[in-house]
Structures are given as structure tokens and as C-alpha cells.
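# Chain and residue survey
Residues per chain are reported as follows:
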Amino acid sequence: MLLHHSSKKRIQSIASIRALVKYTAIAFCLTSSNKVFSSSFSLNTNTNTSTNAHLNTHLNSNNSARFHSTLSTASSSSPSSSSASSTRSPFLIHRGGSTTSSLQMSTTASELPVPATASNSTSAAPVTAGAKLSALRTLMKEHNLDAYIVPSDDPHLSEYVPEAYMRRKFLTDFGGSAGTAVVFQDEALLWTDSRYYNEANLQLDFDHWELMKQGLPKVPTITKYISDMAVTHYTNNNKAFQVGIDPFVHAASFAKDLNDAFDNAVISSDLKDDAHIGAIDTLGGDGDGVNLIDEVWGTDRPAIPTSPFRVHPLEYAGVSVQDKVEDIRDEMKDSNTKATMSVFSALDDIAYLFNVRAKGDVATCPVGIAYGTITHDEVVLFCDDAKVQTEEVKQHLKEAGVTIKAYDGIIDEIKLHVANNNKAKIWLD
């Protein structure tokens, strides 16, 4: 049977794809063996099944994917074999805004991706999973912590966060938008849901991390797992299990859920009802606290973005800032509320309330990093000075009666309001 030339090429491409799928499965298995390999995948009709295999095929489309791969086996007699094989590097999927996605696997620490730096400092953060966890555990010991929780969130509990707040990604190398890491002195676990099981399997270093497939029947929740650990710790040491968090990146409901889990664990155990098995330590997180991941990240941590605001025109906004403020104040005066201050932290709330947008703070959303408060006599936007640059924005906010204050001043502002008002009642979103 004669085949058209294009049909032959199509069959060859299909065969190449199958070969690549088979190769990737084999290569992934080798990560736990004594084989050393480096790869940057590429599809090609020229396949080679020998130990040194080169797969080079290019698929041309509007969003072309290019993969290049080289597989090599280290000689058991090579002096570098033992040191190289001791470094296990999982697949790393790099995702960005370009039309080309790349799938890459590194072998040595020098090939692993290094976080973008906010300065030209030569002081580098730990790169390997083991080094980062070791540095974190050292800090945990200094703060007398038994566990430290690292969520995906930023201080505004955003779903999509600036690079400066991708702390969980920095620590774990897992780049999914949802997931929480919990580090103990002798183990490290990542919880994520079914959307990210495959991605986590490709990106985590399983010499140091364990994947907790959230939602599966036999997988405990984070609070259940920690509370069970707390029971064991209290039984063995007669003291509370200390859990460290940065309160700026956790919802208040999480702290309540964890404390409830501690109480329920005591009830379910043989311990006395008044046993205090666990405690949450915010590490001075009333405004001057520390985030341990930032300490590990050091000067390599990207700077918090300060992209300037622009005015969102009334013709598109539909309602002026003044009218929105008045509506909120009316709600605050309601007999069932009697609020004296409203605090807004969600970035989309800020964009809506003040009729402003920003480009660059969050790659996927036109929002700017800021807080807002409304009392019965003042409206304040807490942001970096660099965000209010143009005269148009300054005039827009001035006409709306908005006062600009430093981004980090939000906590002191709330404290001052409470101190000066014995009937203070704060609305928080």
C-alpha cells in the first residue's frame, strides 16, 4: 500500500511521540537509581535506543513545543558517579506567559532554576531541596518550633501572587497555584488537590518531600495530621506542640480550625481534658514578625512589586469612589453592624473601591498591592509611594477624599483606631 508523503510524516511523528512517552517514563524511574542523566526534551523521528539516546523532533504549530533530550549513563567506576547520583533532581515544569512551554530536568544543583533576584547581590539562597529544608529547620529550632506551615497565599490571600510571595514554590519547587507545605524536624509534606497531583509528582524532590493527595479517602487534612502529631508529642514530652505560621498569609479561620483540631484530638485520646497539646506561634506577627521562608530566601527573594496605579475611568467603573464610600458607611451605621472601621485587603476589592488598576504587580490580574480602610471620617489607601505617581491618579484620589499612607502602616492604623475608640468595631473582609 502506498502512503502519501504527509501520511508517512504523520505516522513517523506518532511513533516518535510514543517513543518519547516511553523514554520519559524510563527516565523518571531512573531518578531513584544510580543512573545520571540530563535532559531537555525534543521530539524527533530519529530515535536511538542505545544508552546515549538523542531524541530530536520538532513539532511545528502556532504554539510550537520544542523539547531536547540527552540520556547518559554514568560509569560505576567514574569518580564523580557517587556524588552525582546522590543529587536527585525531579522534572521541573516552567510555566509562564509566553506561547512556548518548556519541560526540563536537571541533574546537578548548578542546573536547578535559581529564583529571580531583586538586586545584584552575590549572596545566594540555598538551591537544593535538602539545603533549603536544612536552613529552615535551623531557624525552626532557634524559634522552638516543631512545625512550620507555608501556604500559597500572599498577605491579601490572593489566588495568584507576585513572585515575591511565591514562598511555597521557592521552598518546594512545586509551581501549582494551590498547595500548602508543612515542615517538621524529621519530614516535609505538601498537600495539594487532584488538579496538581501530576505536576507535584514531576516537581517535588521525593528524597525530601512527601506528597499528600488532598481529597483522597485515606489522606488526613493538614489540621488532623498536625493534631495527631501533637498528641504523640505531648504524650512523649508533656509539652505543647509548637506550630509556626506567618499570620499575614493565613485566614483567621485556619487558626480556629487548627485549635479546634487540637481540642478534638485531646477528646479522642487518653489525655486529660485540660491537656494543652498544641499552640500556634505567629513569631511576633503583630506587625513586626518574621517569615522564616524570607529568612532562607534572603537577598535572592524578588522585590515586592510597586507597579503604578492608573485611573479606571468612571464610564467603565459605573460608580464613583465617593458613592461607593457612602454606601459602605451606610452599611456600617446599620443597627446590626455599628462598625467604626472597615478594612479591605483583597486586591480586587481595592481595585473596585478606589477605581484604580495596575499592570505588573500580579502577572495575571490588573490589580495593585495595597490595603484600604474606611471610617466615618476618613478613607485611607495604604500603598507604596511609587504606586501613586501620575498627577491624574493623585488628583483622582484627592477628589475622592482619599488619604495615602505607607503600605506597612495598616496594622498600626487599626491599633490606633481601637486605642482611641472604646466602642471600636472593626469590619474585616
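Residues numbered from 1 in each chain as written. Predicted model: local features only at pLDDT ≥ 70, side-chain atom pairs only at ≥ 80, totals over all residues. Heavy atoms only, no water.

## Observations regarding the overall build of the protein
Helix and strand counts for the protein stand at 13 helices and 20 strands. Sorting the 429 residues of the protein into buried and exposed places 43% on the buried side. A sequence separation of at least 24 residues applies to 64% of the contacts in the protein between residues at least 6 apart. Counting every atom, the protein has about 23,100 Å² of accessible surface; 50% of that belongs to carbon and sulfur. (Helix = DSSP H or I, 4+ residues; strand = E, 2+ residues; numbered from the N terminus. Buried < 20%, exposed > 50% of the residue type's maximum accessible area, 1.4 Å probe, protein only. Contact = heavy atoms within 4.5 Å. Areas by Shrake-Rupley, 256 points an atom, 1.4 Å probe, with all protein chains shown as cover.)

## Description of the pairing of strand S12 (residues 241–244)
Pairing between strand S8 (residues 147–150) and S12: two bridges, direction parallel. Bridge pairing in S12 links Ala147 to Val243. A crossover connection joins S12 to the parallel strand S13 (residues 278–281) through helix H7 (residues 252–268); in handedness this β-α-β unit is right-handed. (Pairing = 2+ DSSP bridges. Right-handed = clockwise from strand over helix to strand, strands pointing away.)

## Describing the confidence of the model for the protein
Looking at the protein as a whole, the pLDDT averages 78, with 70% of positions reaching at least 70. The low-confidence segment residues 5–122, where pLDDT is below 50, has 178 contacts with residues more than four positions distant or belonging to other chains. (pLDDT = per-residue confidence, 0-100.)

## Looking at the packing of helix H6 (residues 222–237) against H7
Two elements in contact, H6 and H7, have axes separated by 9 Å at closest approach and are oriented at 45 degrees. For the element pair H6 / H7, the angle class is oblique. Of the two elements, H6 crosses H7, and the hand of that crossing is right-handed. Note on element contacts: H7 touches H6 through Phe254, Asp257, Leu258, Ala261, Phe262 and Ala265, opposite Thr223, Ile226, Ser227, Ala230 and Val231. A per-class count over the contact of H6 with H7 returns eight nonpolar, two polar and one charged. (Axes fitted to C-alpha atoms, helices over the stretch in contact; angles between N-to-C directions. Parallel < 35°, antiparallel > 145°, perpendicular 65-115°, else oblique. Left-handed = near helix turned anticlockwise from the far one by under 90°. Nonpolar A, V, L, I, M, F, W, Y, C, P; charged D, E, K, R; others polar.)

## Structural notes on the sheet that holds strand S17 (residues 371–375)
If you trace the five strands from one edge of the open sheet to the other, you get S19-S18-S17-S15-S20, paired in mixed fashion. Strands at the two margins of the open sheet, each flanked by one partner only, are strand S19 (402–405) and strand S20 (426–428). Taken over all neighbouring pairs, the strand axes of this sheet differ in orientation by 20 degrees on average, direction set aside. Pairing of strand S18 (residues 379–382) with S19, which is carried by four bridges, proceeds in the parallel orientation. Bridge assignment links Val380 to a residue of S19, and that residue is Thr403. Across the face of the sheet, helix H13 (residues 410–419) comes into contact with strand S15 (341–344), S17, S18, S19 and S20 while running at roughly 165 degrees to S15.

## Side note on the packing of aromatic side chains
Inspection of every chain in the model, using the stated rule, returns six aromatic pairs. Taking 5.9 Å as the distance between ring centres and 45 degrees as the angle between the ring planes, the aromatic pair formed by Phe184 and Tyr225 counts as tilted. On the criterion of sequence distance, the pair formed by Phe184 in strand S9 (residues 180–184) and Tyr225 in helix H6 is long-range, its members being 41 residues apart. When sorted by exposure, Phe184 lands in the same class as Tyr225, which is buried. Geometrically, the ring pair formed by Tyr371 and Tyr407 is stacked, given 5.1 Å between the ring centres and 25 degrees between the ring planes. In this pair, Tyr371 sits in strand S17 while Tyr407 sits in the loop between S19 and H13, placing the two residues 36 residues apart along the sequence. Each member of the pair, Tyr371 as well as Tyr407, carries the same accessibility label: buried. Aromatic ring contacts, followed pair by pair, group Phe184, Trp191, Tyr225 and Phe241 into a single cluster. In this arrangement the basic side chain of Lys132 is found over the ring face of Phe170, its NZ or CZ atom lying 5.0 Å from the centre. Its guanidinium or amino end placed over the ring of Tyr197, Lys213 lies 5.3 Å from that ring's centre, counting from NZ or CZ. (Phe/Tyr/Trp six-rings, centres within 6.5 Å; stacked < 30°, edge-to-face > 60°. Lys NZ or Arg CZ within 6 Å of the ring centre and 35° of its normal.)

## Let's talk about the sheet that holds S9
Read from one edge to the other, the open sheet built from six strands follows the order S11-S10-S9-S8-S12-S13, with strand pairing classed as mixed. Each end of this open sheet is capped by a strand with a single partner; those strands are strand S11 (210–213) and S13. In this sheet, adjacent strand axes meet at a mean angle of 25 degrees when their direction is disregarded. Here strand S10 (residues 188–192) pairs with S11 via four bridges, running parallel. Across the sheet, residue Leu190 finds its bridge partner in S11, namely Leu211. Strands in contact with helix H3 (residues 129–142) are S8, S9 and S10; relative to S9, the strand with the most contacts, it is inclined by about 65 degrees. The sheet contacts of H7 involve S8, S12 and S13, and relative to S13 the element is tilted by about 160 degrees.

## Section: the nonpolar core
If you look at the biggest cluster of nonpolar residues, it comprises 26 residues, and the most contacted ones within it are Leu136, Tyr148, Leu171, Val183, Leu190, Trp209 and Leu292. For this core, the secondary-structure elements that each account for two or more residues are H3, S8, helix H4 (167–172), S9, S10 and helix H8 (292–297). In this view, Leu190 contacts Arg168, Thr172, Phe174, Gly179, Thr180, Ala181, Ala200, Leu204, Trp209, Glu210, Leu211 and Met212; residues no more than four positions away in its chain are not counted. The next biggest cluster of nonpolar side chains, apart from the first, holds 24 residues, and it includes Val182, Phe184, Phe241 and Ala265. (Core = buried A, V, L, I, M, F, W, Y, C linked by side-chain atoms within 4.5 Å.)

## A closer look at helix H12 (residues 391–399)
Within H12, the full set of buried residues consists of Val393, His396 and Leu397. The arc that holds the buried residues of H12, viewed along the axis, is 90 degrees, so those residues lie on one side. In H12, the exposed positions that point more than 90 degrees away from the buried face belong to Glu391, Lys398 and Glu399. Looking at the buried residues of H12, the elements they touch are strand S14 (309–311), helix H10 (321–332), helix H11 (347–354), strand S16 (356–358), S18 and S19. Immediately downstream of H12, the backbone of Gly401 shows phi near 75 degrees, a positive value. (Arc of directions from axis to C-beta.)

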